[in-house]
There are 2 protein chains.
Amino acid sequence: MARAPTTLDPFNAVAEPKRRLVLETLCGGELAVNDIVGRLGWPQPMISKHLAVLKEVGLVNMRRHGRQRLYRVEGKKLKPIHDWIKAFERFWDHQLDRIKERAQRRAAEKAPDKNP
Amino acid sequence: MARAPTTLDPFNAVAEPKRRLVLETLCGGELAVNDIVGRLGWPQPMISKHLAVLKEVGLVNMRRHGRQRLYRVEGKKLKPIHDWIKAFERFWDHQLDRIKERAQRRAAEKAPDKNP
DNA sequence: TTGACATATTCCTATATGGGTATATAAATG
DNA sequence: CATTTATATACCCATATAGGAATATGTCAA
């Protein structure tokens, strides 16, 4: 079997560094293709092709406006990655560990009879 | 040009779903290859090959113990992904937005002359 | 030494990629 | 309609993949 298609899921789509740059570029808001071309300085077909992949996984939306096509980032589609990575946060964010522990302790104080 | 090698960075290594499962399996602590084979039920060469990729990007460490090879997850190597995704958190975690705003407001109160 | 066990490596193949270049489609404009 | 502008698509190619099967390497034990 070959490698999974880039359009399989956000993980694969975002593995390509240039596609991440496109998403970052769209972070400020809706942009037409040529705006992205201007900001990134890559050939237009390259931008269009990367946008096509991002659109197929739902990471961007498109709407027509005259002869332009305005692309907007659909950030929610990145949540699965965020959720998956969360399980590993403890490996670098010890601060967070402490926050969580404190939260759990507080929860335990509020419901001290939950675990008899 | 072909697709970037899976060993280029954590993003590419983790794009493969099975590789994510291997990492999750190692989350509980060091495991020998055969333990992973047992838990995931995949052919041993498949596990070894995925481990090789993960090791090359530094997502796992290995140490020999007798005839076994014990693999341990190196979670810190996932931080770049976490950091990149953070810029998009606002797209789903509105709660977090409010927390951040509050923190910024508080910081502004502490140093009210920073922006004259 | 000879096995048995644990793991890695090699060889194969179908498959999809990303970039480049050229061209097609579509919409506004004169 | 003809032309310009904005974007997408088609075609080509070198490349690396993931999986399967077979085999190699390494290590302990009798």
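The structure we're discussing is the one just above.
Keep in mind that this is a model prediction, so the values were computed, not measured. (Residues numbered from 1 in each chain as written. Chains lettered and ligands numbered in written order. Predicted model: local features only at pLDDT ≥ 70, side-chain atom pairs only at ≥ 80, totals over all residues. Heavy atoms only, no water.)

Asks: Could you clarify how one ought to interpret the pairing of strand β3 (residues 68–73) of chain B in this entry?
Replies: All names here are of chain B. Alignment of strand β1 (residues 31–32) against β3, held across two bridges, turns out to be antiparallel. Looking across to β3, one finds that leucine 31 is bridged to tyrosine 71. Relative to β3, strand β2 (residues 60–65) runs antiparallel, the two being bridged by six bridges. Looking across to β3, one finds that arginine 64 is bridged to arginine 69. (Pairing = 2+ DSSP bridges. Helix = DSSP H or I, 4+ residues; strand = E, 2+ residues; numbered from the N terminus.)

Asks: I tried to follow the packing of aromatic side chains on my own but got confused; where do I start?
Replies: Aromatic rings considered in pairs are described by the distance between their centres and by the relative angle of their planes. Applying the stated criterion across every chain, the model contains six aromatic pairs over all chains. Each ring, one from Trp84(B) and one from Phe88(B), has its centre 4.9 Å from the other, and the planes form 50°; the classification is tilted. Here the two residues Trp84(B) and Phe88(B) agree in accessibility, since each one is buried. In this structure, Lys18(A) packs its charged tip against the face of Trp42(A), placed 5.8 Å from the ring centre. (Phe/Tyr/Trp six-rings, centres within 6.5 Å; stacked < 30°, edge-to-face > 60°. Buried < 20%, exposed > 50% of the residue type's maximum accessible area, 1.4 Å probe, protein only. Lys NZ or Arg CZ within 6 Å of the ring centre and 35° of its normal.)

Asks: Sorry if this is basic, but what is going on with the side chain of Glu74(A) here?
Replies: All names here are of chain A. Looking at where glutamate 74 falls in the secondary structure, it is placed in the loop between β3 (68–73) and α5 (79–86). In terms of polar contacts, glutamate 74 uses its side chain to reach the side chain of asparagine 61, at 2.3 Å. Beyond its immediate chain neighbours, meaning those up to four positions away, glutamate 74 contacts Gly58, Leu59, Val60 and Asn61. (Polar contact = N/O pair within 3.5 Å; in protein donor to acceptor, adjacent residues only side chain to side chain. Contact = heavy atoms within 4.5 Å.)

Asks: So what exactly am I meant to see when it comes to the sheet that holds β3(B) here?
Replies: Hydrogen bonding along the main chain pairs the strands of a sheet, whether they run parallel or antiparallel. Pairing is antiparallel in the open sheet, where three strands are placed in the order β1-β3-β2 (chain B). Where the open sheet ends on each side, the last strands, each with one partner, are β1 and β2 of chain B.

Asks: How should I be thinking about the relation of the copies chain B and chain A in this particular structure?
Replies: Relating one copy of the chain to the other takes a rotation about an axis and a shift parallel to that axis. Mapping chain B onto chain A is achieved by rotating through 180° and translating by 0.0 Å along the same axis, at an RMSD of 0.0 Å. Considering both components of the superposition, the chain copies are consistent with a two-fold axis. In this assembly, 100% of the residues forming the interface of chain B have copies in chain A that are likewise at the interface, indicating an isologous arrangement. (Least-squares fit on C-alpha atoms with pLDDT ≥ 70 in both.)

Asks: Sorry, what's going on with the protein's contact with DNA strand C here?
Replies: Residues in contact with DNA strand C amount to 27 residues; listed here are only the nearest, Lys18(A), Lys49(A), Met1(B), Ser48(B) and Tyr71(B). The sugar-phosphate share of atoms of DNA strand C within 4 Å of the protein amounts to 57%. Between DNA strand C and His50(A), the relevant distance is 2.8 Å, taken from a phosphate oxygen to a side-chain nitrogen or oxygen of the residue. Within the contact set of DNA strand C, a base oxygen lies 3.3 Å away from a side-chain nitrogen or oxygen of Arg67(B). Those elements that provide at least two residues to the surface near DNA strand C are α2 (17–25) and α4 (44–56) of chain A together with α3 (33–40), α4 (44–56) and β3 of chain B. Looking at side-chain class alone, the surface near DNA strand C contains 11 nonpolar, seven polar and nine charged residues. (Near = heavy atom within 4 Å. Nonpolar A, V, L, I, M, F, W, Y, C, P; charged D, E, K, R; others polar.)

Asks: Mind showing me how you'd approach the interface of chain B and chain A here?
Replies: Many descriptions give the size of an interface as the accessible area lost when the pieces come together. Listed as interface residues are 30 residues of chain B and, on the opposing side, 30 residues of chain A. Carbon and sulfur atoms supply 69% of the area that chain B and chain A bury against each other, a total of about 2,900 Å² over both sides. Three residues, Arg3(B), Trp84(B) and Trp92(B), lead the burial of chain B against chain A; their summed loss comes to 24% of the area buried on that side. At the junction of chain B and chain A, the tally comes to one salt bridge. Residues Asp9(A) and Arg20(B) are paired through a salt bridge, measuring 4.0 Å at the closest nitrogen-oxygen approach. Run the count over chain B and chain A and you get 10 residue pairs in polar contact (both at pLDDT 80 or more). Elements with a contribution of two residues or more to the side of chain B that touches chain A: α1 (10–15), α2 (17–25) and α5 (79–86) of chain B. Top element by residues in the side of chain B that touches chain A is α5(B). It accounts for five residues. (Buried area = accessible area lost by both parts, 1.4 Å probe. Salt bridge = Lys/Arg side-chain N within 4 Å of Asp/Glu carboxyl O.)

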